Amino acid sequence: LKSSSMKQKMFYLISILLLGMSCITSCSGDDDEKENLENNFIEINNVKYSLGYTTLMGGWYEDWQGGDFTVSVNVEEAGVTFVYYYKFDFDSSTYPQKGDEFSTMNLTLKAGDNASSFYGKELTYESGSATVINTNKSESEITIQFKQLKMANESKSYTFNGIATLMFSYEN
C-alpha cells in the first residue's frame, strides 16, 4: 500500500514539474511579439503614442497617379482615449515598393482629431524620411519607417519617428 501511494505522489510531482517546465520553455515567440509591439508605437513631436485602434485604409490610385496612407494614434485625455489621424498624400506613377522614399514624392499631410474632419492648412515636407520597409499585399499592409520626418506649414509642425504598419490597398 505504501508503495502504491508513494508512486502516485511521485507521479503527480513529476507531472507538475513537467507541466511547469513546458510553460516556461514554450515562449519561443517572444522575439516576434517584441518586434510587433515595437511597431505598434510611433513618436510624434517627441511624444510616444500607440497606433490607433481604428484607422483609415490607404492606397495607391492609378487615376490619381498617387495615393495616401494614414497614421492613427491613441491619445489619452482625462481618462478617455481619442484617435487622432495624420493623413499623408503622395504622388507616384506606381504603387509603393520596398525601399521607396515618400519624402521624394511631393508628400503632404493633413492632421485631424477624427476620421471625417481634418483641420487646418495642409503641411508640406521639410526634412527627414519616410521609407517603405515592407509591403504585404495579401494582408493589405504597408510598413513605413519614419526618421525625423518633419511636416510643417507657417503655423504648425509635426516630426514623426518610428516604424508603423498601416492598412494599405494595392488594388485600384
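Residues numbered from 1 in each chain as written. Predicted model: local features only at pLDDT ≥ 70, side-chain atom pairs only at ≥ 80, totals over all residues. Heavy atoms only, no water.

**Q** Tell me about the confidence of the model for the chain, residues and numbers included.
**A** Should pLDDT be low for a region, the predicted coordinates there are not to be read in detail. With 72% of its residues at a pLDDT of 70 or more, the chain shows a mean pLDDT of 80. When mean pLDDT is compared element by element in the chain, strand β8 (residues 141-152) scores highest at 96, while helix α2 (residues 30-38) scores lowest at 42. Confidence over residues 15-37 falls short of pLDDT 50; this stretch has 0 contacts with residues more than four positions distant or in other chains. (pLDDT = per-residue confidence, 0-100. Helix = DSSP H or I, 4+ residues; strand = E, 2+ residues; numbered from the N terminus. Contact = heavy atoms within 4.5 Å.)

**Q** Tell me what's going on with the packing of aromatic side chains, and back it up with residues and numbers.
**A** Under the criterion given, the structure shown has 14 aromatic pairs. Seen in terms of ring centroids, Y86 and Y158 are 5.3 Å apart; in terms of plane orientation they differ by 75 degrees. Their pairing is edge-to-face. Of the two residues, Y86 sits in strand β5 (residues 80-91) while Y158 sits in strand β9 (residues 157-169), which places them 72 residues apart along the sequence. Across the pair, Y158 and Y86 agree in class, each one buried. Pairing F146 with F160 gives two aromatic rings, centres 5.8 Å apart and planes at 40 degrees, and the pair type is tilted. Taken together, the residues F146 in strand β8 and F160 in strand β9 connect sequence positions 14 residues apart. Taken as a pair, F146 and F160 share a single burial class, namely buried. Each residue in the set F69, Y86, F88, F90, F102, F146, Y158 and F160 is aromatic and connected to the rest through ring pairs, giving one cluster. (Phe/Tyr/Trp six-rings, centres within 6.5 Å; stacked < 30°, edge-to-face > 60°. Buried < 20%, exposed > 50% of the residue type's maximum accessible area, 1.4 Å probe, protein only.)

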